[in-house]
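Structural overview
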Amino acid sequence: MGLSVKSYLSPEKLKLLYSAVISVFVMALLFILNGIVLKDGLRFLEKRYFDNCSQVLQGYSNGFQHYFENYNTSLNSIYDEELFEKGDGKTIQKWIIRNIKYLSPDFCSVFYVDSNSVGYFSQGDVIDLTGKSYLTPGNFKEDSYYVTDLFFSVYTSEPIFIIEKPYFDKNKKLKGILCASIKIKKLDKVTDHIKIGEHSTVYVLDRLGHVLTHPDEDFIGKVFFPKSEKYKNVTSDVTARLGNGYVETENHLGESIDLFYTQVKGCDWILCAGFPKKYLRSWFDKFKKIRFFIILIGLVSLALLLLVQNSISDYFYTNQLISPIYDPLTRLWTRQKFESEAAKILAKNSHGRFALIEADIRSFNMINQNYGAECADRMIFFFSQCLNKIVQKFGGIIAHGYADRFYILLRFYNIRSSMRRIEGELKFLESEIRSYAIPFFPKYGITLCKPSRMPVVSISELITQAGFAKNTIRNNSLANCSIYNAAMFEKLNEEQYIESCMEDGLKNGEFFVMYQPKIRLSDDTIVGSEALVRWKTKHFGLLSPDKFIPLFERNGFIVKLDFYVYEQVFKFIDSQIKKGNPVVPVSINMSRNHNDSAKFMQDFMSIFNRYSIPSNLIQIEIVERSVMDKDCLCDITDRLHKEGFSVAMDDFGSGESSLNMLTKVPVDVLKFDREFLLSSMDDNGALDEKSAKFIQSLIELSKHLDKETIFEGVETLKQRNFLKSIKCDQVQGYFYSKPLSESDYEQFILEHISHS
Ligand code: C2E
Ligand code: CA
Ligand code: CA
């Protein structure tokens, strides 16, 4: 199983992907909402609407019963038990005629039908009603009235209905029926009150489907037949048989309708209400418009959401409230992201074996200065792609850190074969790099780890180890790869210990300054000195700068130490002046870490101004391999000059210097590196002729450029004589003096000061 390889997305692509995911999510949400609102929602509303209509209709149907009962009560009021039991038809007819004025004015005729179907009418007629369908004894019940279907009056031919009240003898045999006929028109009183929605048509059917009431009187008394083919079966006689419910059909105007129907309480009639579908449809259309607005609102809020999200994330990134994930130059992860992901991988695979690699480019600072930032950036990008290719082959992870640094985590299954493989890959990479426009040389530090064996190890510790291993080949241009080992472990521990006590050391005054004289070759007198720091530690005793300066440069503590040294130097010179002792200029080292010339000047001057020393007694040694670029070095030199300080270029010719610098940065002094002399001498300390000529021409060149020259590390008379012969101005080295304590230095000045 390889490491989980992540694809390296650029922040822009990531944003795009994020936006796409959000969009898909919101769209899906919208469609789901749409579905719910439009399908289920509408279905729900439709059901509610149908239920409501049915309920309202049923409520109205009860209203009929109220009327029928009133009619029934009215009819019953002329019932006389004795008369109806004993009297014949004629007698009852007389009784009806006499009392009709007390009955409901809606009755157009009241009549009694005897058991032989002979009708005795309130109009005085006696008519044989045999065969009349409304005299259907089977339907009669005791103590109940009966409402007939539609009839046409035998007198006026108007459509009427009859309310019948049957009477039974003691043997429960139908004795006769008391009837009252009522004009269908009278039903308008009931139906006129029925209002269901704005566009409904309400009508009543009798049991056989005859239209009893209808807004269009032409339909009264008839069975209604829909005209269109689609609804041709939904005739009113069919509807009348259905009882309660709902059917799709057509109204008298030919509009398709939803027809609700319910049985009228108290009779077999059917109350119907038809709703033209077109109104319902327009209502649905409104809903569809709402859908459109829902989508529109959704899309607008989506756009706003993305805008807000992007601005928020930009705000967080620009204000560094969250650590960035991707490095903008290489599109690789940042170191922070790498550390967190690598930690997860190690935790998940505690029994695996891993290699953490730190890679960088030799003399990248010089490349940056000589070829420019843009070119250096292109190189970093090219290198990142080469490394990424290898990392992908191993299924590992990679990140780009500060400047030219890269971090890689690979899983190794078999240390030996994996190491062979990675070495092969790095060798191949070397050949690939050779084809690049500007030659550059990467170096790698590798540390191997097995999380189960060292469970407390953190990724930053592993990076420190890999970085440490890589640093061991800093000055060895023949090696490009170093593997962290036990000896390094010791050294790293030592460094870690040093790091742990540096702050206390500074507070407790463990750091002190020694002064190494600078001698003018023309008369062998002292013309200055260099302040060199020493550290008297409790644990390791006296430490020389090479033990702690490189470490302090890496952890940044050197900046603090520099200012501490400056203050010690100023204090010392100040005391010498106050004592009336002779003084010579002192050079102080400005470490490579200072990156802001304005800030440096501000801090420097605030210390300097605490003492009353002429500024020409202070020289600042700057180095080319500073984190400052060429322009910045020029700027700091100018600022120092303005305050009256002189500036020397330290370690000139130490391998990383460029002749370009010589003309560009306006330093006063060129301080030639000790290496210069060492590399020009044979084993017996004799200078070879070519090197001697080269050094001579450099001294001449410096003079042309109006720069003073000083050589450091002069140890022998031969060297001193040679430098004197080529008119080098000054030397600094063991030949004249090692770095001296304050009191020895005081003495040295007294003995070697020029009296001219
Ligand atoms: P550097 O600035 O090039 O200082 C000169 C170094 O050469 C000093 O080493 C000095 O003791 C040594 N040296 C002088 N003459 C001879 C000689 O004849 N033979 C040999 N073999 N060495 C000689 P030191 O004091 O160990 O300092 C080493 C480096 O540490 C310095 O190199 C400088 O880069 C850094 N350093 C020392 N003190 C300070 C300081 O106060 N601040 C900063 N930023 N760096 C310092
Ligand atoms: Ca120096
Ligand atoms: Ca030097």
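Now for a look at the structure at hand.

Cut-off values and rules
Residues numbered from 1 in each chain as written. Chains lettered and ligands numbered in written order. Predicted model: local features only at pLDDT ≥ 70, side-chain atom pairs only at ≥ 80, totals over all residues. Heavy atoms only, no water. Core = buried A, V, L, I, M, F, W, Y, C linked by side-chain atoms within 4.5 Å. Buried < 20%, exposed > 50% of the residue type's maximum accessible area, 1.4 Å probe, protein only. Helix = DSSP H or I, 4+ residues; strand = E, 2+ residues; numbered from the N terminus. Contact = heavy atoms within 4.5 Å. Near = heavy atom within 4 Å. Polar contact = N/O pair within 3.5 Å; in protein donor to acceptor, adjacent residues only side chain to side chain. Areas by Shrake-Rupley, 256 points an atom, 1.4 Å probe, with all protein chains shown as cover. Donors = N, O, S within 2.8 Å, 3.2 Å for Na, K, Ca; no water. Pairing = 2+ DSSP bridges. Axes fitted to C-alpha atoms, helices over the stretch in contact; angles between N-to-C directions. Parallel < 35°, antiparallel > 145°, perpendicular 65-115°, else oblique. Left-handed = near helix turned anticlockwise from the far one by under 90°. Expected span 1.5 Å × (residues − 1). Salt bridge = Lys/Arg side-chain N within 4 Å of Asp/Glu carboxyl O. Patch = residues over 30% accessible without salt bridge, like charges linked within 9 Å, V, L, I, M, F, W, Y side chains within 5 Å.

Some remarks on the nonpolar core
- Phe552, Leu561, Phe604 and Phe711 are the most contacted members of the largest nonpolar core, which totals 79 residues.
- At ten residues, the largest contribution of residues to this core is made by helix H14 (residues 558-579).
- If we ignore the near neighbours within four places in the chain, the residues touching Phe604 are Phe563, Tyr566, Phe570, Ile588, Ile618, Ile620, Leu640 and Phe645.
- Residues Cys53, Phe84, Val204 and Ala273 belong to the second largest nonpolar core, which totals 43 residues.

So, the site of ligand 1
- What surrounds ligand 1 is a group of 22 residues, the closest being Gln516, Asp562, Arg674, Glu715 and Tyr734.
- Measuring from an oxygen atom of ligand 1, one finds a side-chain N or O atom of Glu530 at 3.0 Å.
- In the model, a nitrogen atom of ligand 1 is placed 2.5 Å from a nitrogen or oxygen of the Glu715 side chain.
- Out of a free accessible area of 780 Å², ligand 1 has 83% covered by protein chains.

Describing the coordination of the calcium ion (ligand 3)
- Listed as protein donors to the calcium ion (ligand 3) are Asp650 (OD), Asp651 (OD), Glu712 (OE) and Glu712 (OE); their distances from the metal cover 1.9 to 2.7 Å.
- The distance between the calcium ion (ligand 3) and the calcium ion (ligand 2) comes to 3.9 Å, with Asp650 serving as a donor to both metals. Neither Asp650 nor Asp651 differs from the other in exposure class; each is buried.

Notes on the sheet that holds strand S15 (residues 406-412)
- Reading across the sheet, the five strands line up as S14-S15-S13-S16-S17 and stay open at both edges, with mixed pairing between neighbours. This sheet does not close on itself; its edge strands, each paired only once, are strand S14 (397-400) and strand S17 (481-483). Ignoring which end each strand starts from, the neighbouring axes of this sheet average 20° apart.
- Judged from the four bridges that link them, S14 and S15 form a sheet pairing that is antiparallel. Residue pairing for S15: Ile398 is matched across the bridge by Ile408.

A few points about the sheet that holds strand S8 (residues 201-205)
- Ordered by their spatial adjacency, five strands build an open sheet running S9-S8-S12-S11-S10, and the pairing between neighbours is antiparallel. This sheet does not close on itself; its edge strands, each paired only once, are strand S9 (211-213) and strand S10 (245-250). Looking at each pair of strands side by side, their axes are set apart by 35° on average, direction ignored.

Looking at the coordination of the calcium ion (ligand 2)
- Distances from the calcium ion (ligand 2) to its protein donors, Glu530 (OE), Asn589 (OD1), Glu621 (OE) and Asp650 (OD), fall at 2.1 to 2.3 Å.
- Spacing between the donor residues of the calcium ion (ligand 2) along their common chain follows E-x58-N-x31-E-x28-D.

Details of the packing of H14 against helix H21 (residues 742-752)
- In the contact formed by H14 and H21, the axes pass within 12 Å of each other and the chain directions differ by 50°. Taken as axis vectors, H14 and H21 run oblique relative to one another. For the crossing formed where H14 meets H21, the hand is right-handed. Contacts between H14 and H21 involve Phe572, Gln576 and Lys579 from the first element and Glu742, Tyr745 and Glu746 from the second.

Let's talk about unusual backbone geometry
- In this structure, Arg331 is a non-glycine residue whose phi angle is positive, near 65°.
- With respect to the helices and strands, the residue Arg331 is situated in the loop between helix H6 (277-318) and helix H7 (335-348).
- For Arg331, a relative accessible area of 35% puts it in the partly exposed group.
- Notably, Asp524 is not glycine yet its phi reads approximately 55°, a positive angle.
- By the element assignment, Asp524 lies in the loop between strand S18 (511-520) and strand S19 (525-537).

Description of H14
- In a regular helix each residue adds 1.5 Å, so 22 residues correspond to 32 Å; H14 covers 31 Å between its end C-alpha atoms and thus fits that length.
- After H14 finishes, the residue Gly580 shows a positive phi value of roughly 85°.

What to know about the pattern of salt bridges
- What the rule picks out here adds up to 33 salt bridges.
- The residue Glu158 makes a salt bridge to Lys183 at a minimum N-O spacing of 3.3 Å. On the criterion of sequence distance, the pair formed by Glu158 in the loop between strand S5 (151-152) and strand S6 (159-168) and Lys183 in strand S7 (residues 174-183) is long-range, its members being 25 residues apart.
- The class of Glu158 is partly exposed, set by a relative accessible area of 28%.
- Judged by relative accessible area, Lys183 falls into the partly exposed class, the value being 29%.

Quick notes on helix H13 (residues 545-555)
- The complete set of buried residues in H13 reads Pro545, Phe548, Ile549, Leu551, Phe552 and Glu553.
- In the core, the buried residues of H13 are packed alongside helix H12 (486-507), S18, S19, strand S20 (541-543) and H14.
- Gly556, located one to two residues past H13, shows a positive phi value of around 90°.

Looking at the pairing of S14
- Here S14 shows two buried faces, one formed by Ile397 and Ala399 and the other by Ile398 and His400.
- With antiparallel pairing between neighbouring strands as the criterion, S14 and S15 make up a hairpin whose turn holds five residues, including Ala403 at a positive phi of roughly 50°.

With respect to a nonpolar patch on the surface
- A contiguous nonpolar surface patch, about 710 Å² in accessible area, is contributed by Phe292, Phe293, Leu296, Ile297, Val300, Leu304 and Leu307.
- Inspection of the secondary structure puts Leu296 in helix H6.

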